[in-house]
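Coordinate inspection notes
So the chains spell out like this:
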Amino acid sequence: MPKDVRPSSGEQAKQHALEQLRQAILHGEMAPAQRLVENELAEQFGVTRASIRAALIDLEAQGLVERIRNRGSRVRVVTVEEAVAITECRMVLEGLCAAKAAVAASDEQLTELADLGAEMTKAVAGGEPVTYSELNQELHGRIRRFSGQRTAVELLERLNAQLVRHRFQLALRPGRPQHSLNEHLAMIEAIRARDPQAAETAVRAHLTSVIEALRD
């Protein structure tokens with residue numbers, strides 16, 4: 001089969017639909033509570049309805065989609081209470097990753113974190129909340145990756161995917177980037193100092209602040 005010909009059915013088709021749908025939800029292209037009509041999605045992605053249905057089942061297991069009895073599927077709405085509960089779980093896992101990163105990260109990786117901190121500072125100073133939010137996620141992602149704690153990373157990826165709408169709303173809240181910048185810089189400083197306890201404490205302080213902001 002030529003490389004540019006995409007299968008319309010089977011496992012490859014399901015994986016294609018799954019990835020496309022997941023990215024659309026994560027990037028806000030599909031809004032919370034938006035209906036996911038199998039026929040329309042099958043036509044959009046050039047796959048069968050069966051492939052779409054299988055992809056939706058996987059996304060339901062990931063907490064991104066919910067299936068309503070007799071009404072089909074929709075993008076799952078994550079309430080503030082759920083977002084707080086998810087962030088409480090993140091606090092434990094991300095604190096662990098930061099502590100691990102403080103020990104395991106290479107000198108080059110520590111420099112990458114410092115560079116990210118400088119970019120975040122520049123974004124806040126320039127009044128660019130969307131850029132700051134993207135850098136924020138990049139920072140957390142690198143800390144997780146540098147930790148080498150693969151189990152925690154996999155769990156966090158599933159948890160974080162459910163917080164897209166709340167994360168974007170917080171990023172656009174006036175004054176929030178300025179407030180969280182110092183928290184992120186403290187995380188970077190503790191990891192670069194190779195102080196695992198301080199790194200975990202800094203992450204927990206930051207996510208406690210996120211919970212307070214979610215509840216406001």
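Here's what I pulled together on the structure shown here. Per chain, residue numbering runs from 1 following the sequence as it is written. Note on the predicted model: pLDDT of at least 70 is required for a residue's local features to be given, and 80 or more for side-chain atom pairs to be given and counted; whole-chain, interface and lining totals, by contrast, use all residues. Excluded from the side-chain calculations are hydrogens and water; all other atoms, namely the structure's heavy atoms, are used.

Things to note about the nonpolar core
As used in this record, nonpolar core signifies buried Ala, Val, Leu, Ile, Met, Phe, Trp, Tyr and Cys residues forming a set joined through side-chain atoms within 4.5 Å. Burial status follows relative accessibility: with a 1.4 Å probe on protein chains alone, a residue under 20% of its type maximum counts as buried, one over 50% as exposed, and anything between as partly exposed. Counting residues in each nonpolar core, the largest one holds 40 residues, and the members touching the most others are Leu113, Leu139, Ile143 and Ile191. Going through the elements one at a time, helix 4 (80–104), helix 5 (107–125), helix 6 (129–147), helix 7 (150–161), helix 9 (176–192) and helix 10 (196–215) are the ones with two or more residues in this core. A run of DSSP states H or I qualifies as a helix once it reaches four residues; a run of E qualifies as a strand once it reaches two. Both are numbered from the N-terminal end. Take this core: its biggest share by element is nine residues, from helix 4. Any pair of residues with heavy atoms lying within 4.5 Å of one another is described as a contacting pair. When neighbours within four sequence positions are excluded, isoleucine 191 is seen to be in contact with Ala98, Ala101, Ala102, Leu110, Leu113, Ile143 and Ala199. Core analysis: the next-biggest nonpolar cluster, separate from the first, contains 22 residues, Ala13, Leu18, Ile25 and Leu59 among them.

Observations concerning the pairing of strand 2 (residues 65–68)
Note: two strands are recorded as paired if DSSP finds a minimum of 2 bridges between them. As paired strands, strand 2 and strand 3 (residues 72–75) are joined by four bridges and run antiparallel to one another. Paired with arginine 67 across the strands is serine 73, a residue of strand 3. Once strand 2 ends, the chain turns through three residues before running back antiparallel as strand 3, passing asparagine 70 with a positive phi of about 65°.

Some words on a nonpolar patch on the surface
A cluster of nonpolar side chains, namely Val130, Phe168 and Leu172, defines an oily patch on the protein surface of about 260 Å² accessible area. The partly exposed category is assigned to leucine 172, whose relative accessible area is 43%. Only residues whose relative accessible area exceeds 30% and that form no salt bridge enter a patch; like-charged residues are grouped when within 9 Å of one another, and nonpolar side chains (Val, Leu, Ile, Met, Phe, Trp, Tyr) when within 5 Å. In this description, accessible areas are obtained by the Shrake-Rupley approach with a 1.4 Å probe, and a residue is regarded as covered only by the protein chains that are shown. Criterion for a salt bridge: a side-chain nitrogen of Lys or Arg within 4 Å of a carboxyl oxygen of Asp or Glu.

Re the packing of helix 4 against helix 6
Between helix 4 and helix 6, the least distance of the axes is 7 Å, while the angle of their chain directions is 60°. In terms of axis orientation, helix 4 runs oblique to helix 6. Between helix 4 and helix 6 lies a crossing whose hand is left-handed. Across the interface between the two elements, Arg90, Glu94, Cys97, Ala98, Lys100, Ala101 and Ala104 of helix 4 pack against His140, Ile143, Arg144, Phe146 and Ser147 of helix 6. Every axis in this analysis is a line fitted to C-alpha atoms, fitted for helices over the stretch in contact. Angles between the N-to-C directions lie between 0 and 180 degrees. Here the word oblique covers every angle except those under 35 degrees (roughly parallel), over 145 (roughly antiparallel) and from 65 to 115 (roughly perpendicular). Crossing handedness follows the turn of the near helix against the far one: under a right angle anticlockwise gives a left-handed crossing, and clockwise gives a right-handed one.

Quick word on the sheet that holds strand 1 (residues 35–36)
Overall, antiparallel pairing links the three strands, which are arranged 1-3-2 in an open sheet. The sheet terminates laterally at strand 1 and strand 2, the two strands that pair on one side only. Each of strand 1, strand 2 and strand 3 touches helix 3 (residues 49–61); the most contacted strand, strand 2, lies at about 110° to it.

Quick look at the packing of helix 9 against helix 10
At a minimum axis separation of 7 Å, helix 9 and helix 10 run at an interaxial angle of 165°. Comparing their axes, helix 10 and helix 9 come out roughly antiparallel. Where helix 9 crosses over helix 10, the two elements pack in a sense that is left-handed. Judged by residue contacts, Arg176, His179, Ser180, Glu183, His184, Ala186, Met187, Ala190 and Ile191 of helix 9 engage Ala198, Ala199, Ala202, Val203, His206, Ser209, Val210 and Ala213 from helix 10. Side-chain classes follow a simple rule in which Ala, Val, Leu, Ile, Met, Phe, Trp, Tyr, Cys and Pro form the nonpolar group, Asp, Glu, Lys and Arg form the charged group, and the remainder, Gly included, forms the polar group. Taken together, the residues that form the contact of helix 9 with helix 10 break down as ten nonpolar, five polar and two charged.

Keep in mind these numbers describe shape, not what the thing actually does.
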